[in-house]
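Architecture at a glance
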Amino acid sequence: MLATKFHINTLKESPAEAELVSHQYMTRAGMINKLAGGIYTYMPMGYRVLKKIEGVIREEMNRAGAIELLMPMVQPAELWSETGRWEKMGDELLRLKDRHGRDFALQPTSEEVITDIARNEIKSWRQLSINFYHIQTKFRDERRPRFGLMRGREFIMKDAYSFDKTAEDAKASYQNMYDAYVRIFNRLGLEFRPVQADTGAIGGSLSHEFQVIAKAGEDLIVYDPEDTSFAANIELAPAPCLIAERATATAPLEKVSTPNAPKCELVAQQLGISLEKTVKSVVFAVDSDEQVDIYLLLVRGDHEINEIKASKIPAFTQGFRLATEAEILEYFGSEPGYLGPIQTKKSVHVVADLTVAHMSDFCCGANDSQYHYTGVNWGRDLPEPELVLDLRNVVEGDTAPNGKGKLAIMRGIEVGHVFFLGDTYSKKMNATFLNEEGKATPFQMGCYGIGVSRIAAAAIEQCHDEKGIVWPMNIAPFEVVICPIGLNRSESVKTVAHSLYQELQAAGVDVILDDRDTRPGVMFAEWELIGVPLRITIGDKNLNDNLVELTIRQGSETEKVSTETIVEKVLDLKKQMLKV
């Protein structure tokens with residue numbers, strides 16, 4: 001590719017709304033162009049990156065035995081109604097009507113469509129196992145799209161769906177996809193971790209996220225540095241009980257004044273006690289049959305409620321919400337900040353975290369503005385909790401699930417997710433096949449997503465410096481850029497540049513020759529911003545000694561290489577830098 005025949009448009013300044021490095025650099029490098037909130041045009045430089053990512057994904061999906069198809073972006077409401085997701089999906093599902101008044105949606109995912117295909121085209125167990133995938137534009141109507149491609153509304157995703165005879169076969173398909181994902185992210189050259197995760201809106205009973213490690217990540221990943229077999233999203237990571245057994249009560253129950261102390265930290269400071277001796281109260285409501293049930297969830301003052309874990313409370317499985325201030329006043333007689341499980345105004349369900357259930361002589365709200373209780377003890381001052389569950393987020397230093405190591409926390413960006421669905425969709429949509437006995441049996445399913453456009457942004461969050469992007473070789477828009485100095489003023493520079501360009505092309509290198517005759521400082525800064533892994537600089541001074549300069553973008557290491565060996569050197573470096 002010649003630069004004069006390509007579209008290159010870089011900017012010195014980032015857009016004002018660009019908060020993340022990936023958004024800043026992709027805009028400045030001319031890779032994306034904003035059309036509307038969360039909707040971008042992939043410009044030629046950025047589109048090359050996406051096609052490189054797609055290529056790796058496609059190769060590994062095919063290698064794993066998956067079969068590519070292409071499903072529509074516009075999907076009929078009837079299919080979504082069969083699974084109940086037409087209503088459940090909420091405002092993220094962009095709904096529209098055609099000229100006949102029929103309801104459709106812009107697909108955020110394709111479980112319903114692929115299940116419809118399976119029930120119409122797969123009749124016998126002899127056709128199983130099978131796995132279909134496509135790479136397609138998706139749309140989710142994010143309330144507040146931000147961070148460029150990291151949280152846009154329109155995006156490109158690879159989604160795959162497996163169909164099997166039995167749960168055992170389906171889990172084998174799940175493992176096959178898990179292994180394929182490991183190969184994909186290794187080849188993309190990214191530092192990542194597969195982590196146990198909640199199944200969320202997709203459903204099912206088993207899932208793993210693939211997280212690219214980056215400081216800007218929205219997700220918190222809990223892991224055991226000594227045991228690589230354990231990593232989980234903080235939503236799912238089990239938090240241990242920090243008190244082996246409850247101590248005997250030693251302090252009397254006292255109601256104490258705590259003015260202007262609606263938070264546990266302020267209470268502990270006022271009373272001169274450890275934050276670990278306080279209990280935090282969070283109130284949720286469950287609506288059912290025209291009545292409201294109020295639940296008081298308790299965690300230690302230095303911990304935070306994990307709402308994913310809270311959703312496992314049996315009464316919460318069909319939905320729950322934070323209680324309103326009016327409901328709190330009705331049931332507790334006090335505004336938030338001074339709530340507790342002792343002498344509530346009306347009956348509430350008390351659910352305690354594992355650690356709280358073992359606490360003694362603790363401090364909690366008195367259900368009276370500006371007051372707390374100290375010396376609170378289960379059994380003596382209030383009934384035992386109705387339920388005791390793991391309700392909190394893990395914190396750094398918690399004991400690992402194996403009981404040996406200490407947990408650490410890092411940030412990650414979710415770029416892939418694999419789910420074992422079982423018959424969640426096939427039963428709802430009556431998608432069956434005839435088994436060996438001739439009996440109609442629901443398919444056992446799995447689904448597997450990778451955010452293609454999100455990978456591009458995540459890669460930049462992980463791979464950048466103060467000059468710009470540092471692309472891994474496998475997904476860079478170009479592998480090598482040739483930068484001739486004084487191209488139109490030196491015949492020898494022009495000759496060597498074009499000759500080297502042709503040699504590298506013939507050797508299978510994805511190379512661009514910058515033939516725009518730009519000033520060296522401007523040219524170097526531009527390609528450092530764009531992030532091409534290798535740069536070859538050609539100038540008269542070095543050519544006098546039959547040398548060119550080779551710069552590795554990662555670390556900006558530069559060495560002089562003879563014109564006779566530069567192609568061989570580039571090929572060696574490319575081989576080292578590619579992940580296979």
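Heads up: the structure comes first, above all this text.
The present account deals with the structure reproduced in this document. Model, not experiment: these values are computed from the prediction.

**Focus: the sheet that holds strand β20 (residues 387-389)**
- Read across the sheet, five strands follow the order β16-β14-β15-β17-β20 without closing on themselves; strand pairing throughout is mixed. Every interior strand has two partners, whereas the edge strands, β16 (321-322) and β20, have only one.
- Direction of pairing for strand β14 (residues 279-288) relative to strand β15 (residues 291-300): antiparallel, over a ladder of 10 bridges. Of the residues in β15, the one forming a bridge with Phe284 is Tyr295.
- Sitting on the sheet, helix α9 (residues 325-332) touches β14, β15 and β16, and the angle it makes with β15 is about 85 degrees.

**Observations concerning the pattern of salt bridges**
- As enumerated under the stated definition, the model contains 42 salt bridges in all.
- Here Lys165 and Glu436 are joined by a salt bridge, their closest N and O atoms 3.7 Å apart. Of this pair, Lys165 sits in the loop between β8 (154-164) and α6 (167-187) while Glu436 is found in the loop between β22 (432-434) and β23 (440-442), placing the two residues 271 residues apart along the sequence.
- Where Glu218 meets Arg454, a salt bridge forms, and the shortest distance between an N and an O atom there is 3.5 Å. Remark: Arg454 occurs in helix α12 (residues 452-462) and Glu218 occurs in the loop between β10 (206-213) and β11 (219-224); sequence separation between them is 236 residues.

**Structural notes on the pairing of strand β18 (residues 362-365)**
- Direction of pairing for β18 relative to strand β19 (residues 371-376): antiparallel, over a ladder of three bridges. Across the sheet, Phe362 pairs through a bridge with Val376, a residue of β19.
- The loop that links β18 with its antiparallel partner β19 comprises five residues; one of these, Asn367, has a positive phi angle of about 55 degrees.

**Section: the sheet that holds strand β6 (residues 103-106)**
- Read from one edge to the other, the open sheet built from three strands follows the order β4-β6-β5, with strand pairing classed as antiparallel. Across the chains shown, the open sheet's two edge strands, defined by having one partner strand only, are β4 (74-76) and β5 (95-97). Between one strand axis and the next, the sheet turns by 40 degrees as a mean value, whatever way the strands run.
- Bridging between β5 and β6 involves three bridges; their strand directions are antiparallel. Within β6, the position partnered with Arg95 by the bridge is Ala105.

**Topic: the side chain of Glu528**
- With respect to the element layout, Glu528 can be found in helix α14 (residues 520-530).
- Among all residues touching Glu528, those that are not within four sequence positions of it are Lys467, Gly468, Ile469, Arg535 and Arg553.

**Re the packing of aromatic side chains**
- Applying the stated criterion across every chain yields a total of 14 aromatic pairs.
- Arranged with centres 5.1 Å apart and planes meeting at 80 degrees, the rings of Tyr295 and Phe316 form a pair that is edge-to-face. Residue Tyr295 is located in strand β15, and its partner Phe316 is located in the loop between α8 (307-310) and β16; the two are separated by 21 residues in the primary sequence.
- For Tyr295, a relative accessible area of 7% corresponds to the buried category.
- Here the aromatic cluster, defined as three or more aromatic residues joined through ring pairs, consists of Tyr178, Tyr181, Phe185, Phe192 and Phe210.
- When the ring centre of Trp86 is taken as origin, the NZ or CZ atom of Arg95, which lies over that ring, is 4.9 Å away.

The rules we used
Residues numbered from 1 in each chain as written. Predicted model: local features only at pLDDT ≥ 70, side-chain atom pairs only at ≥ 80, totals over all residues. Heavy atoms only, no water. Pairing = 2+ DSSP bridges. Helix = DSSP H or I, 4+ residues; strand = E, 2+ residues; numbered from the N terminus. Contact = heavy atoms within 4.5 Å. Axes fitted to C-alpha atoms, helices over the stretch in contact; angles between N-to-C directions. Salt bridge = Lys/Arg side-chain N within 4 Å of Asp/Glu carboxyl O. Phe/Tyr/Trp six-rings, centres within 6.5 Å; stacked < 30°, edge-to-face > 60°. Buried < 20%, exposed > 50% of the residue type's maximum accessible area, 1.4 Å probe, protein only. Lys NZ or Arg CZ within 6 Å of the ring centre and 35° of its normal.

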